[in-house]
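Inside the fold
One-letter residues, chain by chain:
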Amino acid sequence: MKFLQFCDLSISEFCSAIHYLENEKNYPMRNVGRAHHAFIYTLGGTEIYKFENMTVRAKPNTIVYLPKNARYVIDFEGTDSSVICMDFELYTEKEISPFVLELEENNGISALFEKAVAEWQIKKTACNPVCMSLLYNIIGFCARIEEKFIHPGKYEKIREAVEYLHLHYTEQDFRIE
């Protein structure tokens, strides 16, 4: 699951939260290596992120994860694009591929992104921890959505396997079959 892998990671720095409004004359955009990790929330338009070995479409109510140092080209469909970009750093540089999470309309997450933009524009000392808190809220919100799509029976199978390993891993004839 995409956002679930962020639940074990720590954010070391919140770098920015910016609302971008772009139009067709600014596309295609080329990024030769992102300075930070980013979550992009699409408010309007459809952006197409073309990476070396994959293409991701970001339409309204989607979140795209862009890894640090990623190289890509952004193109778009339509006449304009409206996105909110939250840049951040992680304590560890775990390899995470770009991904997109499609959300339902009126999902409530846009309010978290918009609060981060408003807070970032204040530029006071407290804006960094507030924005970092909003970013953790976004990760938690999306991770919960992903968890809903995991069949409960899979959790039960994993729980049984972990219990077995815990009870028997010190036995001399321990084998996994």
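Look a little higher up for the structure.
Residues numbered from 1 in each chain as written. Predicted model: local features only at pLDDT ≥ 70, side-chain atom pairs only at ≥ 80, totals over all residues. Heavy atoms only, no water.

1. Quick notes on the nonpolar core
Core analysis: the biggest nonpolar cluster contains 31 residues, and Phe39, Ile63, Ile109 and Phe113 have the highest contact counts within it. Ignoring sequence-local partners within four residues, the contact set of Phe113 consists of Phe39, Tyr41, Ile63, Ile84, Met86 and Ile138. In terms of nonpolar packing, the next biggest core, distinct from the first, is built from 16 residues, Phe51, Val64, Tyr72 and Phe76 among them. (Core = buried A, V, L, I, M, F, W, Y, C linked by side-chain atoms within 4.5 Å. Buried < 20%, exposed > 50% of the residue type's maximum accessible area, 1.4 Å probe, protein only. Contact = heavy atoms within 4.5 Å.)

2. Side note on the pattern of salt bridges
In total, this model carries 4 salt bridges according to the counting rule given. Taking the shortest distance from any N to any O, the salt bridge between Asp87 and Arg34 comes out at 2.3 Å. With Asp87 in strand β6 (residues 72-90) and Arg34 in the loop between β2 (29-31) and β3 (37-50), this residue pair connects regions lying 53 residues apart in the sequence. Among the residues examined, Asp87 registers a relative accessible area of 9% and is labelled buried. A relative accessible area of 10% means that Arg34 is categorised as buried. Between Glu89 and Lys68 there is a salt bridge; the shortest N-O distance is 2.9 Å. With Glu89 in strand β6 and Lys68 in the loop between β5 (62-66) and β6, this pair connects stretches of sequence that are 21 residues apart. Exposure remark for Lys68: the relative accessible area of 27% places this residue in the partly exposed category. (Salt bridge = Lys/Arg side-chain N within 4 Å of Asp/Glu carboxyl O. Helix = DSSP H or I, 4+ residues; strand = E, 2+ residues; numbered from the N terminus.)

3. Considering the side chain of Ser81
Within the fold, Ser81 resides in strand β6. Note on Ser81: relative accessible area 3%, which makes it buried. Here the side chain of Ser81 touches Glu47 through a polar contact of 2.7 Å, side chain to side chain. If we ignore the near neighbours within four places in the chain, the residues touching Ser81 are Tyr20, Leu21, Glu22, Tyr27, Gly44 and Glu47. (Polar contact = N/O pair within 3.5 Å; in protein donor to acceptor, adjacent residues only side chain to side chain.)

4. Remarks on the packing of aromatic side chains
Each aromatic ring pair is characterised by the separation of its centres together with the angle its planes make. Under the definition given, this model contains 7 aromatic pairs. When the centroid spacing of 5.7 Å and the interplanar angle of 55 degrees are considered together, the rings of Phe39 and Tyr65 count as tilted. In this pair, Phe39 is assigned in strand β3 and Tyr65 in strand β5, connecting sequence segments 26 residues apart. For the residue pair Phe39 and Tyr65, the accessibility class agrees, reading buried in each case. The structure contains a cluster of three or more aromatic residues connected by ring pairs, namely Phe39, Tyr65, Phe88 and Phe99. (Phe/Tyr/Trp six-rings, centres within 6.5 Å; stacked < 30°, edge-to-face > 60°.)

5. Regarding helix α2 (residues 127-147)
For α2, spanning 21 residues, the distance from its first C-alpha to its last is 30 Å, which sits close to the expected 30 Å at 1.5 Å a residue. Considering only its buried residues, α2 is in contact with β1 (11-23), β3, β5, β6, β7 (99-102) and α1 (109-122). (Expected span 1.5 Å × (residues − 1).)

6. Looking at α1
Count 3.6 residues to each turn of an α-helix, and residues three or four apart come out pointing the same way. The first and last C-alpha atoms of α1 sit 21 Å apart over 14 residues, in line with the 20 Å expected at 1.5 Å per residue. Where α1 is buried, its residues meet β1, β3, β5, β6 and α2. Positive phi shows up at Lys123, right after α1, with a value of about 60 degrees.

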